[in-house]
Amino acid sequence: MTGEAWLFLFAVVMAAVLLFTMVFFIIMFSDLECDYINPIDLCNKLNQFVLPENIGHAILALVFLVNGAWISLLLNLPLVALNVNKIINHRHTYDATEIFKTLPQHKKECFFKLAFYLLSFFFYLYCMIVGLLKDK
């Protein structure tokens, strides 16, 4: 396998992990709406995954930068910039006292990220297959 195929294989795996993370977030928000979980438990569970999710996405963008996958990097930069902005402004964690006020916004963001990671997954899968076919 070529370097391009390995790069996009890594990207497919990372996109799958990020995709499952967003599914977990959406399920947890749904549990909060149905009163299966209290806000403190929700925030404690989700806050432990916020920074790893952001760091994982930033690492993926950094790998694209190092390997010169410019199209993939440009597709990921807006979401990386949003994540960095949230971290700099200390808005990246969930607050149990305000979660009900901000729940619709958090759900929209999670659905947006879910759609982004799903489309990215298939794009990276396509690029990996193209990389494998170039190898032959």
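What you see as residue numbers is a count from 1 along each chain, following the sequence as written. Reporting in this predicted model follows two pLDDT cut-offs: at least 70 for local features of residues, and 80 or more for side-chain atom pairs to be given and counted; totals over whole chains, interfaces and linings ignore these cut-offs and use all residues. With hydrogens and water set aside, each side-chain value is computed from the structure's full complement of heavy atoms.

## Description of unusual backbone geometry
So, point 1. One non-glycine residue with positive phi stands out, namely aspartate 35, at about 65 degrees.
So, point 2. Counting from the N terminus, the helices are DSSP H or I runs at least four residues long and the strands are E runs at least two residues long. Relative to the assigned elements, aspartate 35 resides in the loop between helix 1 (3-33) and helix 2 (39-67).
So, point 3. Three exposure classes are used, based on accessible area relative to the maximum for each residue type with a 1.4 Å probe and protein chains only: buried under 20%, partly exposed in between, and exposed over 50%. The exposed category is assigned to aspartate 35, whose relative accessible area is 64%.
So, point 4. Residue histidine 90 is not a glycine yet carries a positive backbone phi of 60 degrees.
So, point 5. Relative to the elements of secondary structure, histidine 90 occurs in the loop between helix 3 (70-88) and helix 4 (99-135).

## Describing the packing of helix 1 against helix 4
So, point 1. An axis is simply a line fitted to the C-alpha atoms; with a helix, the fit covers only the stretch in contact. Between two such axes, the angle follows the N-to-C directions and lies from 0 to 180 degrees. At a minimum axis distance of 8 Å, the contact between helix 1 and helix 4 shows a crossing angle of 160 degrees. Overall, the two elements helix 1 and helix 4 adopt an arrangement that is roughly antiparallel. Classified by chirality, the crossing of helix 4 by helix 1 is left-handed.
So, point 2. For the contact of helix 1 with helix 4, a count of residues per class yields 29 nonpolar, two polar and five charged. In these notes the angle categories are as follows: under 35 degrees is roughly parallel, over 145 is roughly antiparallel, 65 to 115 is roughly perpendicular, and the rest is oblique. Here a crossing is called left-handed whenever its near helix is offset anticlockwise from the far helix by less than a right angle, and right-handed whenever the offset is clockwise. Polarity classes work like this: nonpolar for Ala, Val, Leu, Ile, Met, Phe, Trp, Tyr, Cys and Pro, charged for Asp, Glu, Lys and Arg, and polar for all others, with Gly in that last group.

## Brief notes about helix 3
The α-helix winds at 3.6 residues per turn, so residues separated by three or four positions along the chain end up facing the same way.
So, point 1. Any helix carries an expected span of 1.5 Å times its number of residues minus one. The end-to-end C-alpha distance of helix 3, which contains 19 residues, comes to 25 Å, matching closely the 27 Å that a straight helix rising 1.5 Å per residue would cover.
So, point 2. Bend is computed residue by residue as the angle between axes fitted to the seven residues ending at the residue and the seven residues starting at it. At leucine 77, helix 3 shows its largest bend, some 40 degrees, and a proline, proline 78, comes one to four positions later.
So, point 3. Along helix 3, the residues classified as buried are Ser72, Leu73, Asn76, Leu79, Val80, Asn83 and Lys86.
So, point 4. Residues count as neighbours in contact if any of their non-hydrogen atoms are within 4.5 Å of one another. Against the buried residues of helix 3 lie helix 1, helix 2 and helix 4.
So, point 5. Backbone geometry just downstream of helix 3 places histidine 90 in the positive-phi region, at approximately 60 degrees.

## Thoughts on the layout of surface pockets
So, point 1. Residues are said to line a cavity or pocket when one of their atoms sits within 4 Å of a point; the points come from a 1 Å grid over protein atoms alone, cavities being sets where a 1.4 Å probe fits but cannot get out and pockets being open sets with protein on both sides within 12 Å along at least five of seven lines. Grid points are joined across faces, edges and corners, and a volume is the space filled by probe spheres set on the points. Its volume calculated, the largest pocket comes out at about 240 Å³.
So, point 2. The wall of the largest pocket is formed by Leu82, Lys86, Arg91, Thr93, Tyr94, Asp95, Glu98, Thr102, Gln105, His106 and Glu109.
So, point 3. Elements with a minimum of two residues in the lining of the largest pocket: helix 3 and helix 4.
So, point 4. For the lining of the largest pocket, the leading source of residues is helix 4, giving four residues.
So, point 5. A breakdown of the residues in the lining of the largest pocket according to their chemical character gives two nonpolar, four polar and five charged.

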